[in-house]
Amino acid sequence: MNDLAELIAAAETDFAAAPTPAELENAKARFLGKSGRLTEMLKALGALSIEEKKTRGAEINQAKQRIEALLTARRDALAEAEMNRQLQAEALDVTLPGRQRGGGSLHPVSRTIERIEAIFASMGFDVAEGPEIETDWMSFTALNNPENHPARSMQDTFYVDMKDEQGRWLNLRPHTSPMQVRYARAHAARHAQALAAGQPMPEVRVIAPGRVFRVDSDATHSPMFHQIEGLWLGENVSFKDLKVVFASLVREFFETDDFDVRFRPSFFPFTEPSAEIDISFRSGPLAGRWLEVAGSGQVHPNVVRNFGLDPEQQIGFAFGIGADRFAMLRYGIDDLRLMFDGDLRFLSQFA
Ligand code: PHE
């Protein structure tokens, strides 16, 4: 074996013995580095004759190429080994079951309200939302409640330990009816403009869903529940329109024609005449029972005045739908409290 063959063999052994890329680079330096063995051989060429230089130089270059090829091969081998090691270390067991991400879903009451909103929107109703903490005037006075009316008594209204500008306790609104006042007042300016310009009077047509609060708790009453207020005022809006609107709501919401709607005389200070709206399905599990689902009535002239409108010009109706009631009827839930306990075993059934 000549010295070059020996050198190649030595490089191969050294490279193979290097366990890491860093050590491989050290081994490389011993052969190909500035004072490596091969470099020394090239330096020694200077002492040779031209002829010898040619042959010896060519041989050394061949050896160099061979060593470089060995080096590359070893580098690749080390890189591959490292990659395999990593793959091994981070190996995935693809047969393991996937990690479940708990899918959220809307509460049955939210779904119900969204559904009802969509139905009213299709009948040209705006959707408005307003505060849950109200002034005495908005919750009661503007709605034609006499000062001593029992509806504002401590018995069923929650009061907040804070007073409004009139020095009256703020309340957690016991119904969504204040939204009639807020919405109509906000739009009174629009009406005044139209009137001044001799234009046809724009109508107020709105629903206002939201939470309401009363001191009450049993299977059919919760201290917090949901109503959807409705208000439609125009030049000539009547109970007949209310009946059509309500029948359309029931038909669309419950996806059936097989029901009756009944207006049962009632009393609210802010409507005159007033009626409870009952529905009765002609088939299905609830067939034959009258179910009370809303309060309603023709808006009282005093209330129209509190809207900032003229009761001689604007007439119409208001209603307050029990949103939870609609949800319970749709999903067949018989205890209202289940809806607000936050038990996922119950709620996930509606996902
Ligand atoms: N606010 C009434 C209630 O809470 C319902 C209602 C709304 C009645 C609008 C008439 C008109 O019971």
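Quick look at the structure, then. (Residues numbered from 1 in each chain as written. Predicted model: local features only at pLDDT ≥ 70, side-chain atom pairs only at ≥ 80, totals over all residues. Heavy atoms only, no water.)

Notes on the packing of aromatic side chains
- What the rule picks out here adds up to 15 aromatic pairs.
- Consider the rings of phenylalanine 125 and tryptophan 232, whose centres lie 5.8 Å apart with planes at 75°: the pair is edge-to-face. Residue phenylalanine 125 is found in the loop between helix H5 (108-122) and strand S1 (126-127), and its partner tryptophan 232 is found in strand S6 (residues 224-234); the two are separated by 107 residues along the sequence.
- A relative accessible area of 5% places phenylalanine 125 in the buried class. (Phe/Tyr/Trp six-rings, centres within 6.5 Å; stacked < 30°, edge-to-face > 60°. Helix = DSSP H or I, 4+ residues; strand = E, 2+ residues; numbered from the N terminus. Buried < 20%, exposed > 50% of the residue type's maximum accessible area, 1.4 Å probe, protein only.)

So, the side chain of threonine 271
- For threonine 271, the location among the structural elements is in strand S8 (residues 271-281).
- Residue threonine 271 is classed as buried on the basis of its relative accessible area of 3%.
- Every residue in contact with threonine 271, bar those within four places of it in the chain, is listed here: Ser296, Gly297, Gln298, Val299 and His300. (Contact = heavy atoms within 4.5 Å.)

Topic: the nonpolar core
- In terms of nonpolar packing, the biggest core is built from 41 residues, with Phe120, Phe246, Leu249, Phe254, Ile279, Ile321 and Phe326 touching the most fellow members.
- Looking at which element gives the most residues to this core, the answer is helix H8 (residues 239-254), with 8 residues.
- Not counting residues up to four positions away in its chain, the partners in contact with isoleucine 321 are Phe120, His226, Gln227, Ile228, Phe246, Leu249, Val293, Ala294 and Phe326.
- Core analysis: the next-biggest nonpolar cluster, separate from the first, contains 21 residues, Met179, Val181, Ala184 and Phe307 among them. (Core = buried A, V, L, I, M, F, W, Y, C linked by side-chain atoms within 4.5 Å.)

So, the environment of threonine 220
- Summarising the element assignment, threonine 220 is placed in the loop between strand S5 (204-213) and S6.
- Here the alpha-carbon distance between threonine 220 and aspartate 335, two residues 115 residues apart in the chain, equals 6.4 Å.

Some points on the sheet that holds strand S4 (residues 169-172)
- Spatial ordering of the open sheet is given by S2-S4-S3, a layout of 3 strands whose pairing is antiparallel. The sheet is open, and its two borders are formed by strand S2 (133-134) and strand S3 (159-163), each paired with just one other strand. (Pairing = 2+ DSSP bridges.)

Quick notes on the pairing of S4
- Bridge count between S2 and S4: 2 bridges; the pairing is antiparallel. Note that in S4 the partner of isoleucine 133 across the bridge is leucine 172.
- Two elements, S3 and S4, share 3 bridges in a ladder whose sense is antiparallel. Paired with valine 160 across the bridge in S4 is leucine 170.
- Counting the residues in the hairpin turn of S3 and S4 gives 5 residues, including glycine 167, whose phi is positive at 80°.

Re unusual backbone geometry
- A cis geometry characterises the amide bond from glutamate 272 onward to proline 273, with omega recorded as -5°.
- Position of proline 273 relative to the elements: it lies in strand S8.
- With a phi close to 65°, asparagine 144 is a non-glycine residue in the positive phi region.
- Relative to the helices and strands, asparagine 144 resides in the loop between helix H6 (136-139) and S3.
- The backbone of glutamate 255 sits at a positive phi, close to 55°, despite the residue not being glycine.
- Owing to a relative accessible area of 59%, glutamate 255 belongs among the exposed residues under this scheme.

Some points on the packing of helix H1 (residues 3-17) against helix H4 (residues 50-89)
- Between H1 and H4, the least distance of the axes is 10 Å, while the angle of their chain directions is 15°. Classified by the angle their axes make, H1 and H4 are roughly parallel. Relative to H4, the crossing made by H1 is right-handed. Seen from H1, the contacting residues are Asp3, Leu4, Leu7, Ile8, Ala11, Glu12, Phe15 and Ala16; seen from H4, they are Arg56, Glu59, Ile60, Ala63, Arg66, Ile67, Leu70, Leu71 and Arg74.
- Classifying every residue of the contact of H1 with H4 by side-chain character gives 11 nonpolar, no polar and 6 charged. (Axes fitted to C-alpha atoms, helices over the stretch in contact; angles between N-to-C directions. Parallel < 35°, antiparallel > 145°, perpendicular 65-115°, else oblique. Left-handed = near helix turned anticlockwise from the far one by under 90°. Nonpolar A, V, L, I, M, F, W, Y, C, P; charged D, E, K, R; others polar.)

Here's the deal with the sheet that holds strand S7 (residues 259-268)
- An order of S1-S5-S6-S10-S9-S8-S7 is seen for the 7 strands of this open sheet, with the pairing classed as mixed. Each edge of the open sheet is held by one strand with a lone partner, namely S1 and S7.
- Note: S5 against S6, 10 bridges, orientation antiparallel. Within S6, the residue paired with valine 212 across the bridge is phenylalanine 225.
- Lying over the sheet, H8 contacts S6, S7, S8, strand S9 (291-299) and strand S10 (315-322), oriented at roughly 130° with respect to S7.

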